[in-house]
Amino acid sequence: SDLEDVDFAKLMAAPDDPDVNLAYAQDEAQNGNLLYAAAALERILLEHPNAHGVRLFYAVVLYRLNDLQGAKYQLDQLENAKLTPLQEAERDKYKALVEHGRDPWTFSGEVAAGVDVESNAIGALLNELDFFGYRLSKNGASAVASANLNLGYALGQNGDYDLYLAPSIYTRTSFAGPQADYDMAEVRAGAGWSDLNSSWQAGGVFRHYMIFDIPYLTEYGAQGQFTWQPTTSFAFNGNVEVVGQNYHEPFVDVLVPYFIPGTHDGERYDLSFGGTYRFDAFSTASLNVGYEGDTAGNPAFSYDEAFLNADFHTLLGRGAYLDMTGDVSYVGYRARDFEFLFGVRREDVRSDARIALGAPFSAFSAEGATGDFRENLIIEGAVSYADRTTRYPLAAFDSLGGQMRLIWKFAE
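Quick caveat: nothing in here was measured; it's all calculated off a predicted structure.

(A) Representation of the overall build of the chain in the model. Check the secondary structure of the chain and you find seven helices and 14 strands. Counting only C-alpha atoms, the chain reaches 85 × 45 × 40 Å along its principal axes. Of all 412 residues assigned to the chain, the portion counted as buried reaches 39%. Relative to all contacts within the chain whose residues are 6 or more apart in sequence, the contacts with residues 24 or more apart total 57%.

What follows is the structure, encoded as C-alpha cells:
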C-alpha cells in the first residue's frame, strides 16, 4: 500500500534510527508481516541491547512466528532486567505460553455462562405444533452455559501432525416463562496437519441432543475441514460432514409402518466453502456458502438446504471487540406430508442475526492491559433476531433475544 511504501522509504532513509525501526516493526506486525517486523526489531537490539521493551516485543513476534527457541532466549534475557509491572506480567505470560508451546501436549478452550432472554422462547422448538397460523409465542428467560475444550498431541519431527480430541457442551435451562430446556453434547476426534499457510483435520464426530430433558437426536459420523492462507490477508476454508441420525420419537415410531412410511432417522450431509479477509490489524470479514441434505426414512421429512452465513469482527482497542454474524437459508422438503401437514410440501426460509460487544476485564484497568488472567476473562452482551417463514398450515416464527455472558478463555 502507499502507507507501507512511505514507511519503507523512511526506514531506508534512516536504517539505524530506532524510532523509525520501531514504528515500522509495529506497522508490519499489525499487518501480519512478522518476518519484516522481526528484522526491524533485531536492528534496534543490535545497537540498543538494553531496550527491554523492544526485546519483549521481539520475543512476542518470535512466539507468533512459532520460533519458540528464539522467543525463550529473548525472554531469558529479560529475567533480571528492570521492567515495569505490566512488562513483567507480559514477560511471565509469554514464558508460560512458550513452555506450553514446547510441550507436545496442548490443552485449550473456553467456558462461558450467562443469561438469555427471548420474546418467543419456545416457538423454535415446537415448530411442528404451530398449526393454522396459531403461534405459541411466549417470553422466557434461561440460564445458559457452554464449554469448548481442545486436547492435542503433536507428532512428527517438527510437530506438523497432531492428534486431537475436542469435546463441547451447551445447555439452556429455563427459569422464567415456558420450559424450553435444551442440551447438546459433542465429541470430535481425529488427526490433523498444519504449516504456516495451511491446515487440515479429519476424524469422527458424535453428538447428542436433548429437548425438555428428554433424548431427542443422536448423530454419529465423520467430518473434515481445511484452511489455506495464500496471503497474510486472505484465507480459504472448507468443511464437510456426513452423519447418521437416530431420533428418539416414540410417537412416530408407533405409527411406522402402519400409518406413515418412515421416521426422521437417516443420514445428513453438510458441505460448505468460503473465505476470510483481513482488512487490517483490527477488522476481518468472512463469508461461507453451503449445502445440507437429509435423507430421512419418510421422504416428507427429507430436505435440501442451501445456506449463506457471514461474519464481521473488529477490535475496538484494549481487547474490546464487536462481532456481527448473520445466516440465511432456504429449506425445501422433498415430498408432500400427508400424515401431518395435510398434503403440503414444506418450504422454509430461515434467517438469524446476532450483534455482540465484548471486552476483557483488563480493558477496564488504567493501562488497558494487565498481562494476567484478566485478559482472558471476558464480559459479553449480545442481541439477536431469528425468523422463519413457512407454508400454511405451519405458522411463521420470529424471536428477539438478548444475552449476557461471562467467558473464560484459557491456554491460548
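More follows now that the structure is in view.
(B) A look at a nonpolar patch on the surface. On the surface, a nonpolar cluster with roughly 650 Å² of combined accessible area is contributed by W105, F107, L151, L165, V187, F206 and Y220. Mapped onto the elements of the fold, F107 is located in strand β1 (residues 105–118). A relative accessible area of 40% means that F107 is categorised as partly exposed.

(C) Structural view of the side chain of S286. Within the fold, S286 resides in strand β9 (residues 283–296). For S286, a relative accessible area of 18% puts it in the buried group. Those residues in contact with S286 that lie beyond four places of it in its chain are G275, T276, N309, A310 and D311.

(D) Inspection of the environment of H313 at higher detail. Relative to the helices and strands, H313 resides in strand β10 (residues 303–317). For the pair H313 and A356, spaced 43 residues apart in sequence, the C-alpha to C-alpha distance is 9.5 Å. The residues contacting H313, other than those within four sequence positions of it, are F282, S283, T284, Y321, L322 and D323.

(E) How the structure looks around the pattern of salt bridges. Applying the stated criterion across every chain, the model contains 21 salt bridges. For D348, the salt bridge goes to R346, with nearest N and O atoms at 2.8 Å. Of the two residues, D348 and R346, neither departs from the other in class, the shared state being buried. For E380, the salt bridge goes to R354, with nearest N and O atoms at 3.0 Å. Linking E380 in strand β13 (residues 377–389) with R354 in strand β12 (residues 347–360), this pair joins segments that are 26 residues apart in sequence. Residue classification places R354 among the partly exposed positions, given a relative accessible area of 24%. Among the ionic contacts, a cluster of salt bridges with common partners joins E186, R188, R207, E219, E241, R268 and E292.

(F) A look at the pairing of strand β4 (residues 182–194). Here twelve bridges tie strand β3 (residues 161–176) to β4, and the two strands are oriented antiparallel to one another. Looking across to β4, one finds that T171 is bridged to D183. Hairpin remark: β3 followed by β4, antiparallel, with five residues in the connecting loop; positive phi at G177, about 80°. Sheet analysis places β4 next to strand β5 (residues 198–211), joined by 13 bridges and oriented antiparallel. Residue pairing in the sheet places V187 in a bridge with F206 of β5. Hairpin remark: β4 followed by β5, antiparallel, with three residues in the connecting loop.

(G) Seen up close, the packing of aromatic side chains. With the rule as written, the count across this model stands at 16 aromatic pairs. Between F279 and F312 the ring centres are 6.4 Å apart and the planes differ by 55°, which places this aromatic pair in the tilted class. On the criterion of sequence distance, the pair formed by F279 in the loop between β8 (266–278) and β9 and F312 in strand β10 is long-range, its members being 33 residues apart. You can call F279 partly exposed: its relative accessible area is 48%. Taking relative accessible area as the criterion, F312 reaches 27% and is therefore assigned partly exposed. Three or more aromatic residues joined by ring pairs make a cluster, and in this case those are F226, W228, F234, F236 and F273.

(H) Main features of the pairing of β5. Sheet topology note: the β5/strand β6 (residues 214–228) ladder contains 14 bridges and is antiparallel. Counted as the bridge partner of I211 is I214 from β6.

(I) Representation of the nonpolar core in the model. L41, Y58 and L75 are the most contacted members of the largest nonpolar core, which has 26 residues in total. At the level of secondary structure, the elements contributing two or more residues to this core comprise α2 (18–30), α3 (34–47), α4 (52–64), α5 (68–77) and α6 (85–102). The contact partners of L75, leaving out residues within four places of it in the chain, are L56, A59, R91, Y94, K95 and V98.

Rules used throughout
Residues numbered from 1 in each chain as written. Predicted model: local features only at pLDDT ≥ 70, side-chain atom pairs only at ≥ 80, totals over all residues. Heavy atoms only, no water. Helix = DSSP H or I, 4+ residues; strand = E, 2+ residues; numbered from the N terminus. Buried < 20%, exposed > 50% of the residue type's maximum accessible area, 1.4 Å probe, protein only. Contact = heavy atoms within 4.5 Å. Patch = residues over 30% accessible without salt bridge, like charges linked within 9 Å, V, L, I, M, F, W, Y side chains within 5 Å. Areas by Shrake-Rupley, 256 points an atom, 1.4 Å probe, with all protein chains shown as cover. Salt bridge = Lys/Arg side-chain N within 4 Å of Asp/Glu carboxyl O. Pairing = 2+ DSSP bridges. Phe/Tyr/Trp six-rings, centres within 6.5 Å; stacked < 30°, edge-to-face > 60°. Core = buried A, V, L, I, M, F, W, Y, C linked by side-chain atoms within 4.5 Å.

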